[in-house]
Amino acid sequence: MSKPPAFTVTVATVFAVLFAFQGILLAMPIRFLAWNDEIAARKIGFQSGKGVSELEDLHPYARSKPFDGSVGETPLLLVASDRKSADGKPVTVEIKIASGVTSPLVIILPDPKHPSGLRTFAIEDSPGNFAWGSVRFINATGKHLLFRCDKTITDLPGSWNPVDIAPGGAARNMIVQAVAKDDLKDILYSGVWEHSPEIRNLVIVVPGADVRTGVVDFKTIPEDRRILALDAASKE
């Protein structure tokens, strides 16, 4: 049997490498965060190209363990196992992730208008994009705010677009305040936060539930790289 032409072999090899490289680019770790205790208590699964995995460790103040978010022909879905469609199958919600995101954190939110009662909001959560020692804000109040950290004032538009601040320096306590941009005299929040270069804090700004404690509240989801290192060492 004659050998195929060298050109054919070369082209086949190139395509094989390209498809393998594409597979690597489309593989990514994905983690989840429940908006509240009610969502954390629900029976929810995650469906990717590798099947359905139950989200057993959902929590409103901690990221879940990473799941394989490999993207293929099958879209990434939340599976509401406790809600059934007309055909008796669990209701699903598509997880939309922006192009270029490599390590998404998917916040699972309530949505009374969807049959599942859920919707998702995904942000980049890679330490390369969200650095250790920094604070990432998501302003869910709908109000344009200004946030003061020590002597630095940061603009927090009334949208869900993440805004980062990097206090820098050694571990210390920081004086923080928040005001509405259209009313600088009324302090909506005042407190003392702890800064550590080893910890990054995702802070979700929400409307205050109790008028006595202010007009806004802060849901803080910390992550400590020292703990991550210990966890990784224990698995070796």
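Residues numbered from 1 in each chain as written. Predicted model: local features only at pLDDT ≥ 70, side-chain atom pairs only at ≥ 80, totals over all residues. Heavy atoms only, no water.

Another point: the packing of aromatic side chains. Enumeration according to the criterion identifies 12 aromatic pairs in this entry. Ring geometry for phenylalanine 121 versus tryptophan 160: centroids 5.2 Å apart, planes at 75°, classification edge-to-face. In this pair, phenylalanine 121 sits in strand 8 (residues 118–124) while tryptophan 160 sits in the loop between strand 11 (152–156) and strand 12 (163–165), placing the two residues 39 residues apart along the sequence. The exposure class assigned to phenylalanine 121 is partly exposed, which follows from its relative accessible area of 22%. Here the aromatic cluster, defined as three or more aromatic residues joined through ring pairs, consists of Phe137, Phe147, Tyr189, Trp193 and Phe218. Sitting over the face of the ring of tryptophan 35, lysine 219 holds its NZ or CZ atom 4.2 Å from the ring centroid. (Phe/Tyr/Trp six-rings, centres within 6.5 Å; stacked < 30°, edge-to-face > 60°. Helix = DSSP H or I, 4+ residues; strand = E, 2+ residues; numbered from the N terminus. Buried < 20%, exposed > 50% of the residue type's maximum accessible area, 1.4 Å probe, protein only. Lys NZ or Arg CZ within 6 Å of the ring centre and 35° of its normal.)

One ladder, built from 9 bridges, connects strand 13 (residues 172–180) with strand 14 (residues 183–195); its direction is antiparallel. Bridge pairing links asparagine 173 to glutamate 194 in strand 14. The turn joining strand 13 and strand 14, which pair antiparallel and follow one another in sequence, is formed by 2 residues. (Pairing = 2+ DSSP bridges.)

Read from one edge to the other, the open sheet built from 4 strands follows the order 12-9-15-16, with strand pairing classed as mixed. Looking along the sheet, the strands with just one partner apiece sit at the ends: strand 12 and strand 16 (216–224). Going across the sheet, the axis of each strand differs from the next one's by a mean of 25°, ignoring polarity. The pairing of strand 9 (residues 135–139) with strand 12 spans 3 bridges and is classified as antiparallel. Bridging across to strand 12, phenylalanine 137 finds its partner in valine 163. Against the sheet, helix 3 (residues 225–234) engages strand 15 (199–207) and strand 16, with an angle of about 40° to strand 16. (Axes fitted to C-alpha atoms, helices over the stretch in contact; angles between N-to-C directions. Contact = heavy atoms within 4.5 Å.)

Should their charged atoms come close, side chains of opposite charge can pair. Enumeration over the complete set of coordinates arrives at 12 salt bridges. We note a salt bridge from aspartate 224 to arginine 226, for which the minimum N-O separation is 2.7 Å. When its relative accessible area of 15% is taken as the criterion, aspartate 224 is described as buried. Counted as one network, the salt bridges with shared partners bring together Arg31, Arg63, Asp125, Arg200 and Glu223. (Salt bridge = Lys/Arg side-chain N within 4 Å of Asp/Glu carboxyl O.)

To continue, consider the nonpolar core. Side chains of a nonpolar character, in soluble globular proteins, are inclined to be buried together. If you look at the biggest cluster of nonpolar residues, it comprises 31 residues, and the most contacted ones within it are Phe32, Leu55 and Leu78. For this core, the secondary-structure elements that each account for two or more residues are strand 1 (29–34), strand 2 (44–48), strand 5 (77–84), strand 7 (104–110), strand 8 and strand 15. Tallying contributions element by element places strand 7 first for this core, with 5 residues. Other than its neighbours up to four places away in sequence, leucine 78 contacts Phe32, Ile44, Gly45, Leu55, Val91, Thr92, Val93, Ile95, Ile108, Leu118 and Thr120. Val163, Met174, Ala178 and Ala180 belong to the second largest nonpolar core, which has 18 residues in total. (Core = buried A, V, L, I, M, F, W, Y, C linked by side-chain atoms within 4.5 Å.)

On to the sheet that holds strand 1, then. Pairing is mixed across the open sheet formed by 4 strands, whose spatial order is 4-1-7-8. The outermost strands of the open sheet, each flanked by one partner alone, are strand 4 (67–68) and strand 8. Two strands pair when backbone bridges link them, and strand 7 and strand 8 are joined in this way by 7 bridges, in the antiparallel orientation. Across the sheet, valine 106 pairs through a bridge with alanine 122, a residue of strand 8.

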